[in-house]
Amino acid sequence: HRDYHPIKTLLCQEGGVNSIVELKDKDLLVSGTIKAIALWNLTSYECEKKIEAECYWNNSIERIDTNRLIVGGEGKFSIVNIEEGTVENSFRNEQFGVIYSFMILRNGNVFFSTKEGYAYQYKVECKKYYKEFKPHNNYIMCFLKLNNHQFITGSADNTLKVWNY
């Protein structure tokens, strides 16, 4: 039996923390809350920067490359340049509902999941989504990319599915 004790408590923006991603090469942690993301220095434990992500309820964050994140919220996702502290591009579609999770593919495309079990593929460089499919009967809560051109989806329909890409 091991007791756990916090090393440090970081006070975030109003609304709670919905998602976290680590940026190892920058020693930063990114946390998503209601309307913004915060970049935390993991050495000093200070918030270095806050960026308005143009999404309400930042539910999911994933790293695209060294300087960019994709942030998803209610009916919208944004590409955020963390170095410049700006939103490069936003895409809104009310039919998405809440965006639950992202997965970055080797080719740089992004899968993201929305309400009612739908998944979409977004081509970052073209700035458009181009593939829609329904792999589950309920929300896709998570993706896991495997090393062998496969990924797994986990859903609120109580299933995991393994896919080739």
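Residues numbered from 1 in each chain as written. Predicted model: local features only at pLDDT ≥ 70, side-chain atom pairs only at ≥ 80, totals over all residues. Heavy atoms only, no water.

Engineer: Go over the pattern of salt bridges, please, and point to the residues and values.
Structural biologist: Under the definition given, this model contains 2 salt bridges. Of the charged contacts in the structure, one is a salt bridge between R68 and D65, with a shortest N-O distance of 2.8 Å. Judged by its relative accessible area of 30%, D65 falls in the partly exposed class. Here E88 ties to R68 by a salt bridge, and the two come within 3.6 Å at their closest N and O atoms. Within this pair, whereas E88 is found in strand 8 (residues 86–92), its partner R68 is found in strand 6 (residues 68–72), the two being separated by 20 residues in sequence. Note on E88: relative accessible area 37%, which makes it partly exposed. Because the salt bridges share partners, they merge into one network encompassing D65, R68 and E88. (Salt bridge = Lys/Arg side-chain N within 4 Å of Asp/Glu carboxyl O. Buried < 20%, exposed > 50% of the residue type's maximum accessible area, 1.4 Å probe, protein only. Helix = DSSP H or I, 4+ residues; strand = E, 2+ residues; numbered from the N terminus.)

Engineer: I'd love a proper account of unusual backbone geometry, names of residues and values included.
Structural biologist: In this model, Y45 sits at a positive phi of 60 degrees, which is unusual for a non-glycine residue. Tracing the sequence through the fold places Y45 in the loop between strand 3 (36–41) and strand 4 (47–52). Of note in the backbone geometry, N158 takes a positive phi value of approximately 70 degrees without being a glycine. Judged by relative accessible area, which is 76%, N158 ranks as exposed.

Engineer: Hey, could you go over the pairing of strand 6 for me, with residue numbers and the actual values?
Structural biologist: Across the 5 residues that make up strand 6, a large majority, 5, are buried. Side chains of strand 6 alternate between two faces, with R68, I70 and G72 and L69 and V71 buried alike. The sheet contact formed by strand 5 (residues 60–63) and strand 6 spans 4 bridges and is antiparallel. The partner of I61 across the bridge, within strand 6, is V71. In the sheet, strand 6 pairs with strand 7 (residues 76–81) via 5 bridges, with the strands oriented antiparallel. By the bridge assignment for strand 7, R68 is matched with N81. (Pairing = 2+ DSSP bridges.)

Engineer: Which residues make up the sheet that holds strand 7, and what values go with them?
Structural biologist: Spatially, the 4 strands line up as an open sheet ordered 5-6-7-8, and their pairing is antiparallel. In the strand order of this sheet, the two ends are held by strand 5 and strand 8, each with one partner. Geometrically, the sheet is characterised by an average inter-axis angle of 20 degrees between neighbouring strands, direction not taken into account. In this sheet, strand 8 lies alongside strand 7 in antiparallel orientation, the contact comprising 6 bridges. Directly across from V80, in strand 8, lies its bridge partner V87. (Axes fitted to C-alpha atoms, helices over the stretch in contact; angles between N-to-C directions.)

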